[in-house]
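# Summary of structural features
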Amino acid sequence: MTHKALPFDKQKIEEIAKLYPTPFHLYDEAELRRRARNLRAAFAWNPGFHEHYAVKACPNPVIVQILHEEGCGTDCASWAELMLSEALGITGEELMFSSNDTPPEEFAYARRLGAVINLDDISHIDCLAANGGIPELISCRFNPGGEFRIGTQIMGNPADAKFGFTRAQLTEGFKKLKAMGAGRFGLHAFLSSCNTDNMYYPTLAKLLFTTARELFEELGTEIAFINLSGGIGIPYRPEDSATDIAFVGAKVREVYAEVFGNTPMRPAIYTELGRYMTGPAGYLVTRAIHHKDTYKRFIGVDACAANLMRPAIYGAYHHITVLGKENAPHDHVYDVTGSLCESSDRFAVDRLLPEIERGDLLVIHDTGAHGFSMGYNYNGKLRSAEVLLREDGSTRLIRRAETNRDYFATLDILGLPRLSEEK
Ligand SMILES: *Cc1c(COP(=O)(O)O)cnc(C)c1O
């Protein structure tokens, strides 16, 4: 299969491109809402269930607000992400602060917002105590070490990861936090990334639920929530299968009953999904501007890795549709490149596509997570606009494109007049 469906056609995108020149990221509001609703429905059996959307995936306030309307809070890990959440009024227990290597002043800011703080390390207990104080509800991030397996398959290598408390540190840390006034606890772990295996969450849940039960029995601490964090993947390739979120929710429910059934424990389930929430709802729209035939055939487009770096840094696959040519024979082998002076700046390598002419619009799929947000300014390239495709088919500019003036803004201290003017 070489096809991935789109919620728009060429004519629609040509209209949008008249308003907002390419390249731009386009987000499908209907799909964002659908994803949030499906997740909520899958965990509706758990009364305290809450998704804290990992804002780093797509930190646009309009996107965060749409998800908030669907019942999602936020998961933040930096000062700016906390500011974004605060600006939208998402504070208190709707806000998770799951940071690591945390600057002390960020703990203090998170405490002022009443965030639920998820500590990454036992040494951070004292740091938090000195910067905002130990709250009544507190969470710790668990790193079980060893290898993380689903069945016989190795899905991650926690022992090598920089995140989380060891098992012994969890007991010690919970004890210490209790002595310092904490009364309710959360337990968190993030052990695999971009995982579409339906057993990822259930396997992780088994580990966390069992550990929570042990901690409850050892220390008598109330486990208020278990945070399954992020990591659910999306099908980037047309032949990949999507996670069946309803199945995942039902399986986690079975594990919950198995581990907690004969105990008084009824913790809430939290999630911190990023990629799963926004990834498939975003598209990078770009135009073919050059055609080059050397030892290979290249199509140069007006976007580059500064707008979407995943292919360049991970060799990640992103599907490409040439608008208006969806049904044309895919009989041309192209490398689709950006303009960075970097050989890795290619959105596709040896990809079978229909014949592309200059001016054709290309849609790069699944850019709604870690697309715009990983953008950068290498080679003096500018970040693009972000556009929302509303449910009624209208569009709204939700971030303007950067200008050269933005690029030079931090040089204002030099007072060079030509760097502060737009040509
Ligand atoms: C990145 C991140 C997430 C979200 O991860 P996804 O793979 O996008 O779901 C959740 N929690 C923490 C702590 C993270 O760093």
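The rules behind the values
- Within each chain, residues carry numbers counting from 1 in the order of the written sequence.
- Only residues with pLDDT of 70 or above have their local features reported here, since the model is predicted, and side-chain atom pairs are shown and tallied only from 80 upward, although totals for entire chains, interfaces and linings are computed over all residues.
- To get the side-chain values, take all heavy atoms of the structure and skip hydrogens and water.
- In DSSP terms, a helix is any run of H or I states spanning at least four residues, a strand is any run of E spanning at least two, and both are numbered starting from the N terminus.
- Two N or O atoms count as a polar contact when they lie within 3.5 Å, although within protein this holds only if one can serve as hydrogen donor and the other as acceptor, and sequence-adjacent residues are included solely when both atoms are side-chain atoms.
- By definition, residues are in contact when any of their heavy atoms lie within 4.5 Å.
- In short, DSSP must find at least two bridges between two strands for them to pair.
- Here an axis means a line fitted to C-alpha atoms, over the contact stretch when the element is a helix, while the angle between two N-to-C directions is reported on a 0 to 180 degree scale.
- Whether a residue is near a molecule or strand is decided by its heavy atoms; if any one of them lies within 4 Å of it, the residue is near.
- Exposure was quantified through the Shrake-Rupley algorithm and a 1.4 Å probe, taking into account, for residues, occlusion by the shown protein chains and nothing else.
- Buried and open spaces are told apart on a 1 Å grid over the protein atoms alone, a cavity being a set of points where a 1.4 Å probe fits but cannot get out and a pocket being an open set with protein on both sides within 12 Å along at least five of seven lines. Residues with an atom within 4 Å of a point are the lining residues.
- To decide whether a molecule occupies a pocket or cavity, check its atoms: if more than half lie within 2 Å of the grid points, it is inside.
- With a 1.4 Å probe rolled over the protein chains alone, any residue whose accessible area is under 20% of its type maximum counts as buried; one over 50% counts as exposed, and the rest are partly exposed.

### So, the side chain of Arg 33
Within the fold, Arg 33 resides in helix H2 (residues 29–42). Reaching out from Arg 33, the side chain makes a polar contact with the side chain of Glu 29 at a distance of 2.9 Å. Residues in contact with Arg 33, not counting those within four places in the same chain, are Ile 66, Glu 69, Glu 70 and Glu 391.

### Things to note about the sheet that holds strand E11 (residues 268–271)
One closed barrel holds the 8 strands; their spatial order is E2-E3-E4-E5-E6-E9-E10-E11, and the pairing between them is parallel. On average, each strand axis in the sheet is tilted by 25° relative to the strand beside it, whichever way the strands run. Bridging between strand E2 (residues 50–54) and E11 involves 2 bridges; their strand directions are parallel. Its bridge partner lying in E11, Glu 51 is registered against Thr 271. In the packing of helix H4 (residues 79–87) onto the sheet, contacts are made with strand E3 (73–76) and strand E4 (95–97), and the angle to E3 comes to roughly 165°. Along the sheet face, helix H8 (residues 200–219) touches strand E9 (184–188), strand E10 (222–227) and E11 and points at about 165° away from the line of E10.

### Quick word on the site of the ligand
Close to the ligand lie 13 residues, the nearest being Lys 56, Gly 231, Glu 272, Gly 274 and Arg 275. Interatomic distance of 2.8 Å between a side-chain N/O atom of Lys 56 and an oxygen atom of the ligand. Contacts to the ligand include Asp 75, whose side-chain N or O atom sits 3.3 Å from a nitrogen atom. Taken by itself the ligand offers 380 Å² of open surface, and the protein chains cover 90% of this. More than half of the atoms belonging to the ligand lie within 2 Å of the grid points that define the largest pocket.

### A closer look at unusual backbone geometry
In this model, Thr 22 is joined to Pro 23 through a cis peptide bond whose omega is 0°. Locating Pro 23 in the fold gives a position in the loop between helix H1 (10–19) and strand E1 (24–28). Here Asp 350, not a glycine, exhibits a phi torsion of approximately 50°, which is positive. Mapping Asp 350 onto the fold places it in strand E16 (residues 346–353). In this structure, Asn 379 takes a positive phi of about 65° despite not being glycine. Its place among the elements puts Asn 379 in the loop between strand E17 (361–364) and strand E18 (385–389). A relative accessible area of 37% places Asn 379 in the partly exposed class.

Keep in mind these numbers describe shape, not what the thing actually does.
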